[in-house]
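Working through the structure, step by step
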Amino acid sequence: MTMFETDDFRQMGVVARNEVRKFVSSRKFAVYVALVVISLALVTFLPYIVGDGLSGSAGGVFYLYVMFAAFMAVLATTLFASNTIVSEFEERTALILFTRPIRKSSIFMGKLLACLLMEAIVIVAYYAVGALVAFLVSGDFVSSFAPSLAMALAYMFACSGIGILISSFSKKAGTAAVITFITILLLISIVTTALDAAGIDTWFMLDTASNAILTTIPEYVDMSNAMFEQMGQEMGMDLSSYMVGAADTVRSGLVMLAWGVVSTLGAWLLFSKREF
């Protein structure tokens, strides 16, 4: 028997639609959208309030928005992916799902697809607003829009995989959210820092690969390197090791996809064996 049969795709679609409706009607989604809107408003209008406003090239304006894209992905994962599996057990709705003629694989994939879809819609909208403002300010299109967005979506997928993995063995949604947030933003970074200190190239770590979200934007690379060069001259230190290089988008993208695939497969194995 294969993992999916013909009717499973229909059931998967039903689960995904129900999950999307649940996401959209939830207070968490409203809070998340509000936070995204507030972030966009601050990046757009704060420069005009405290200074001369936004100016420069399209990429120079655009990267100001992209600087927060990774955090938006982590926040979405914390609110949605980390909750999507465990909520069925905590709210006891799994009792209904598991007694109906629907396979666990359809439930899992439907929830995964709904989660990724909702997160992707917000990330794409966030990028679109940033690109639009950059165009209005500079009069040019952002050439790095597509590669940076692709890296952001790959990072979102990786984070979602981790969130769903944690959700698959957690007993409480609140606990799963906290563990997910700490794992992505703190624990992975601690491991990366330790490996860096040992002289090990951390290209395979998620946080290192996620730097490609910003380093695909040439203006960000130029600005960062100019800042480090100036700091080095003022401090009389060699800061060349801190210089930023252009992103290896293929390698970074594959690393983030690998994190997402492995963690999602782990989540499926745990969920398939879990009983109410």
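Each remark here, short or long, concerns the structure printed above.
Attention in this report is confined to the structure presented alongside it.

What follows covers the overall build of the protein chain. Helix and strand counts for the protein chain come out as 13 helices and 0 strands. When the helices and strands of the protein chain are placed in sequence order, the string is α-α-α-α-α-α-α-α-α-α-α-α-α. Computed over C-alpha atoms, the radius of gyration of the protein chain comes to 21 Å, within 12% of the 19 Å expected from 2.2 N^0.38 for 276 residues, which places it in the range of a compact globule. Seen along its three principal axes, the alpha-carbon backbone of the protein chain occupies a region of about 70 × 45 × 30 Å. Within the protein chain, buried positions represent 47% of all 276 residues. Total accessible area on the protein chain stands at roughly 14000 Å², and carbon and sulfur atoms take up 69% of it. Here the protein chain carries 16 positive and 20 negative side-chain charges, and the mean point of each set is 22 Å from the other.

Helix length check: helix α12 (residues 218-235), at 18 residues, gives a terminal C-alpha distance of 26 Å against a target of 26 Å (1.5 Å per residue), a fit within 8%. Those residues of α12 that fall on the buried side of the exposure criterion are Y220, V221, S224, N225, F228 and G232. One side of α12 holds all its buried residues, which, seen down the axis, span an arc of 120°. Opposite the buried face of α12, at more than 90 degrees from it, the exposed residues are D222, Q233 and E234. Residues of α12 that are buried sit in contact with α3 (58-66) and α11 (212-215). Residue G236 follows α12 closely and has a positive phi angle near 65°.

On inspection of all chains with the given rule, the structure shows 2 salt bridges. Among the salt bridges present, the one from K22 reaches E19, with a minimum N-O distance of 3.6 Å. Placement of the pair is K22 and E19 together in helix α1 (residues 6-25), with a separation of 3 residues, close to one helical turn. Judged by its relative accessible area of 31%, K22 falls in the partly exposed class. Where salt bridges share partners, they join E19, K22 and K111 into one cluster.

Next up on the list: the environment of S168. When you line up the elements, S168 lands in helix α8 (residues 145-169). On the accessibility criterion, S168 (2% relative accessible area) is buried. A polar side-chain atom of S168 sits 2.8 Å from the main-chain carbonyl oxygen of I164.

Right, let's get into the side chain of K111. Among the structural elements, K111 can be located in helix α7 (residues 104-138). Given the relative accessible area of 1%, K111 is considered buried. The residues contacting K111, other than those within four sequence positions of it, are V15, E19, K22, T84, I85 and E88.

This brings us to the nonpolar core. One broad rule of soluble globular proteins: the nonpolar side chains tend to lie buried together. Residues Y32, F108, I123, Y127 and Y155 are the most contacted members of the largest nonpolar core, which totals 79 residues. With 16 residues, the single largest contributor to this core is α7. Not counting residues within four places of it along the chain, the set of residues in contact with Y155 comprises A70, A73, V74, I184, L206, S210, I213 and M256.

If you add up the space inside the largest pocket, you get close to 680 Å³. In this structure, the largest pocket is lined by 29 residues; those nearest its centre are T208, N211, T215, V244 and G245. Considering each element in turn, the lining of the largest pocket owes the most residues, 4 residues, to α11. Its residues assigned to classes, the lining of the largest pocket shows 16 nonpolar, 9 polar and 4 charged.

What follows concerns the packing of aromatic side chains. Applying the stated criterion across every chain yields a total of 12 aromatic pairs. Pairing F62 with Y127 gives two aromatic rings, centres 5.6 Å apart and planes at 70°, and the pair type is edge-to-face. Taken together, the positions of F62 in helix α3 and Y127 in helix α7 put the pair 65 residues apart, joining distant regions of the chain. Accessibility assignment for this pair places F62 and Y127 in one class, buried.

How each quantity is defined
- Residues numbered from 1 in each chain as written.
- Predicted model: local features only at pLDDT ≥ 70, side-chain atom pairs only at ≥ 80, totals over all residues.
- Heavy atoms only, no water.
- Helix = DSSP H or I, 4+ residues; strand = E, 2+ residues; numbered from the N terminus.
- Rg over C-alpha atoms; globule rule 2.2 N^0.38 Å.
- Buried < 20%, exposed > 50% of the residue type's maximum accessible area, 1.4 Å probe, protein only.
- Areas by Shrake-Rupley, 256 points an atom, 1.4 Å probe, with all protein chains shown as cover.
- Lys, Arg positive; Asp, Glu negative; His and termini not counted.
- Charge placed at Lys NZ, Arg CZ, Asp CG, Glu CD.
- Expected span 1.5 Å × (residues − 1).
- Arc of directions from axis to C-beta.
- Contact = heavy atoms within 4.5 Å.
- Salt bridge = Lys/Arg side-chain N within 4 Å of Asp/Glu carboxyl O.
- Polar contact = N/O pair within 3.5 Å; in protein donor to acceptor, adjacent residues only side chain to side chain.
- Core = buried A, V, L, I, M, F, W, Y, C linked by side-chain atoms within 4.5 Å.
- 1 Å grid on protein atoms, 1.4 Å probe; cavity = no way out; pocket = protein on both sides within 12 Å on 5 of 7 lines; lining within 4 Å.
- Points joined across faces, edges and corners; volume = space filled by probe spheres on them.
- Nonpolar A, V, L, I, M, F, W, Y, C, P; charged D, E, K, R; others polar.
- Phe/Tyr/Trp six-rings, centres within 6.5 Å; stacked < 30°, edge-to-face > 60°.

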